[in-house]
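# Residue-level structural notes
Here is what each chain is made of, one letter per residue.
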Amino acid sequence: MTSAAKPTVKGGSFLLEDRSPAEVFTPEDINEEQRMFAATAEEFLRKEVLPREDGIYAKDYEVHRLLMRMAGDLGLLSIDIPEAYGGLGLSKVSSAVVGEQFALQSSFAGSQSSHVNIGTLPIVFFGTEAQKQKYLPRLATGEWIGAYALTEPQSGSDALAARTKAVLSEDGKHYILNGQKMWITNGGFADIFTVFAKIDGDKFTAFLVERGEGLVSGHEEKKLGLDGSSTTALMLEDCRVPVENVLGEIGRGHKIAFNVLNIGRLKLGARSVGTMKLSLMQSVQYAKERHQFGQAIANFGLIKQKLAEMTMRAYVGESMLYRTLGAIDEALHEVDKDEPQQVLRVLEQFAIECSIIKVWESEALGYVVDEEVQIFGGYGYSKDYPAERAYRDARIARIYEGTSEINRIVIASQLLKRAKTGELALFAAAERIVASGAVDSDTMTLNLANVLFVDELKLLEGAKAMTLTAIRSVEKTYGDKARDEQECFGLLSDMVMEVYAMESALLRTRRLVDERGEEEVPVQIDITKVFVRDAAARIEQRAQTIATETDDAQGAAVIANAVHKDPIKAIAARRRIADAIINAGKYNL
Ligand SMILES: Cc1cc2nc3c(=O)[nH]c(=O)nc-3n(C[C@H](O)[C@H](O)[C@H](O)COP(=O)(O)OP(=O)(O)OC[C@H]3O[C@@H](n4cnc5c(N)ncnc54)[C@H](O)[C@@H]3O)c2cc1C
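### Comments concerning the nonpolar core
By size, the foremost hydrophobic cluster in this structure holds 184 residues, and its most contacted members are Phe207, Met466, Ile471, Leu492, Val496 and Met502. Each residue touching Phe207, except ones within four places of it in the same chain, is listed here: Ala166, Tyr175, Leu177, Val195, Ala197, Val241, Asn245, Val246 and Leu247.

Below, the structure written as structure tokens:
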């Protein structure tokens, strides 16, 4: 089935609807043109960026600017910019395939992704014609560098509490901005900043601020990781911004701030997936070379277990990421891409999935780089080996673009909101499940003809039932105060993420089995079987906690029906996964 023929998926609907493998986008659907673009990005990183690492880490801004110009010449900065403004206007899948490659140099990736995402997209989505004509062609080539200045010393997650003020000048031609921004990526050398400030202290608004008088960069922050990317504070001291540089509507800056983050979250997910694969390759190669007790450490079961777990996260993470990107690209087919408001509505529709990708991939990456250090042993602790930097660089992924905590709140609150407005019939589905006390309700008619994955499909069905029931319990018990029960929100979000992960892996692997045959994809089958069981157990444990906390006896009955599937020999399966990766020397699924 061509991607254009796939049905449009509604964001957040995966808890209610079953998809068939042919309906979802998988990494195997990445086309030749996209693969070639990725190869161009990889070659650029290897040939131009890596040899200039000393300059990157020395924060030599000329090196950063030179590399951005080179990236611009190759089209690596303009994928999301419409053709009318000097961009390529390609799909989100294309952008992620390229983004994955930047994992090769995380600090430069930080600069590049801030430039192309939060530094450029506010203008793509909210700019006037004149603003787009003026800035986008320069940002597409890397002649100008973009940055996004939302965070302040006193307001991080609570971004709307910003204190930076804007006041209209007496002649009505300028806004005068005063305040301080904090942690601004590309802050040391960017030319154009999307700055958020409150007009007259209350109307939260975005402004396009060119570097110049009144805008002063602070010193470079000394960071745990990404120590080659520029991160500075920004002082706005009577900074005069022409009125025509107001971006979007006055008092509606939050629309820009939050919508742009949705796409930033997806892109960060792509980079996390790329970094997991890189980290896995470094780990496998080291484990094959390093000998202890007369043999390569890759032979030891406990090392194999790590390599298998790392592989599972890369595979599942990749499956979720491309499923989401494919669904968004599909939904974008239905709208006029030259109409930014229509594009934004699509992205808003997928806010739950964007947050899932951000949290799941960044936490999987955290696990992977931690195990990389462990596999390298003492050398993992040394700056002379790659594990140490990978470990430090990865940590930020759980903090920026919305922390893991904030994104968990987004996932749960968005679901509850959509359930309450009737946009997603989650409560009705939960009531049916609870009423029947069973898992296989009318709402979920899975095709169990697939014998290979019959247990896993039942586990998925049970996982959805437990998650829907838990959402119901939280809503029934806490009502409008549910948002204050953050621990429950956290548990719900974990369950929702696990469901999405299980289902994405299952859909991809079933598709592979359909297309290539069981014997061709044994590793993918092992990964899917092991992961689905582990995820189902994690969901069960969280469902139990919520059912107990909310005294939900009906919920407990659903849990009892949802679990206890035939176990598999998971140790042997993990060994097979690890052996395949060790033989290949890298992630090759
Ligand atoms: C390297 C780097 C680059 C960055 N680049 C940029 C950039 O280019 N532009 C920009 O604008 N910002 C940028 N940031 C800022 C970043 O987005 C913020 O650091 C982040 O949003 C968190 O804000 P904070 O640091 O103030 O932490 P806080 O908001 O103070 O959070 C501290 C802790 O409290 C938790 N917390 C906060 N509120 C809640 C809540 N309601 N419920 C539960 N827990 C909560 C958080 O999850 C976190 O664990 C960057 C930061 C870094 C470190």
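### Observations concerning the site of the ligand
Residues in close proximity to the ligand total 20 residues, the closest being Leu150, Gly156, Ser157, Thr403 and Glu405. Among the elements of the structure, strand 1 (146-149), strand 3 (174-185) and helix 13 (404-421) are those that each provide at least two residues to the shell around the ligand. For the shell around the ligand, the element with the highest residue contribution is strand 3, accounting for three residues. Residues belonging to the shell around the ligand are distributed by class as follows: ten nonpolar, eight polar and two charged. Two domains each put at least three residues into the shell around the ligand: domain 2 (147-251) and domain 3 (254-404).

### Here's the deal with unusual backbone geometry
Here Asp200, not a glycine, exhibits a phi torsion of approximately 55 degrees, which is positive. In this structure, Asp551 takes a positive phi of about 50 degrees despite not being glycine.

### Topic: the confidence of the model for the protein
Confidence in the prediction of the protein, expressed as mean pLDDT, is 94, and 96% of residues score 70 or more. Here residues 1-5 is a poorly scored stretch, pLDDT under 50, and it has seven contacts once near neighbours within four places are set aside; other chains count. Scored below 50 in pLDDT, residues 441-445 makes ten contacts in the model with residues more than four places away or belonging to other chains.

### Some thoughts on the packing of helix 17 (residues 522-549) against helix 18 (residues 553-562)
Running from N to C, helix 17 and helix 18 cross one another at 160 degrees; their axes reach a closest spacing of 9 Å. Taken as axis vectors, helix 17 and helix 18 run roughly antiparallel relative to one another. Handedness of the helix 17/helix 18 crossing: left-handed. Contacts between helix 17 and helix 18 involve Glu540, Ala543, Gln544 and Ala547 from the former and Gly555, Ala556 and Ile559 from the latter. The residue makeup of the contact of helix 17 with helix 18, split by class, is four nonpolar, two polar and one charged.

Criteria and thresholds
- Throughout this document, residue positions are counted from 1 along each chain, in the order its sequence is written.
- Only residues with pLDDT of at least 70 get local features here, since the model is predicted, and only at 80 or more are side-chain atom pairs given and counted; chain-wide, interface and lining totals rely on the full set of residues.
- As used throughout, a nonpolar core is a set of buried Ala, Val, Leu, Ile, Met, Phe, Trp, Tyr and Cys residues joined through C-beta atoms within 7 Å of each other.
- Counting other C-beta atoms within 10 Å of a residue's own tells you its class, since 20 or more makes it buried, 12 or fewer makes it exposed, and anything in between is partly exposed; those C-beta atoms are placed from the backbone.
- This entry defines residue contacts through backbone-placed C-beta atoms, with two residues in contact when those atoms are within 7 Å.
- Whether a residue is near a molecule or strand depends on its C-beta atom, generated from backbone atoms, being within 6 Å of that molecule or strand.
- Labels follow the DSSP assignment, with helices taken as runs of H or I lasting at least four residues and strands as runs of E lasting at least two, numbered in each case from the N terminus.
- Under the scheme applied, nonpolar residues are Ala, Val, Leu, Ile, Met, Phe, Trp, Tyr, Cys and Pro; charged residues are Asp, Glu, Lys and Arg; polar residues are all the others, including Gly.
- An automatic or database domain assignment is the source of the domain bounds shown.
- Within a predicted model, pLDDT stands for the predictor's per-residue confidence, ranging from 0 to 100.
- Axes, fitted as lines to C-alpha atoms, cover a helix only where it is in contact. Angles between the N-to-C directions of the axes lie from 0 to 180 degrees.
- With respect to orientation, any angle under 35 degrees is reported as roughly parallel, any angle over 145 as roughly antiparallel, any angle of 65 to 115 as roughly perpendicular, and every other angle as oblique.
- For any pair of crossing helices, the crossing counts as left-handed if the nearer helix is rotated counterclockwise from the farther one by less than a right angle, and right-handed if it is rotated clockwise.

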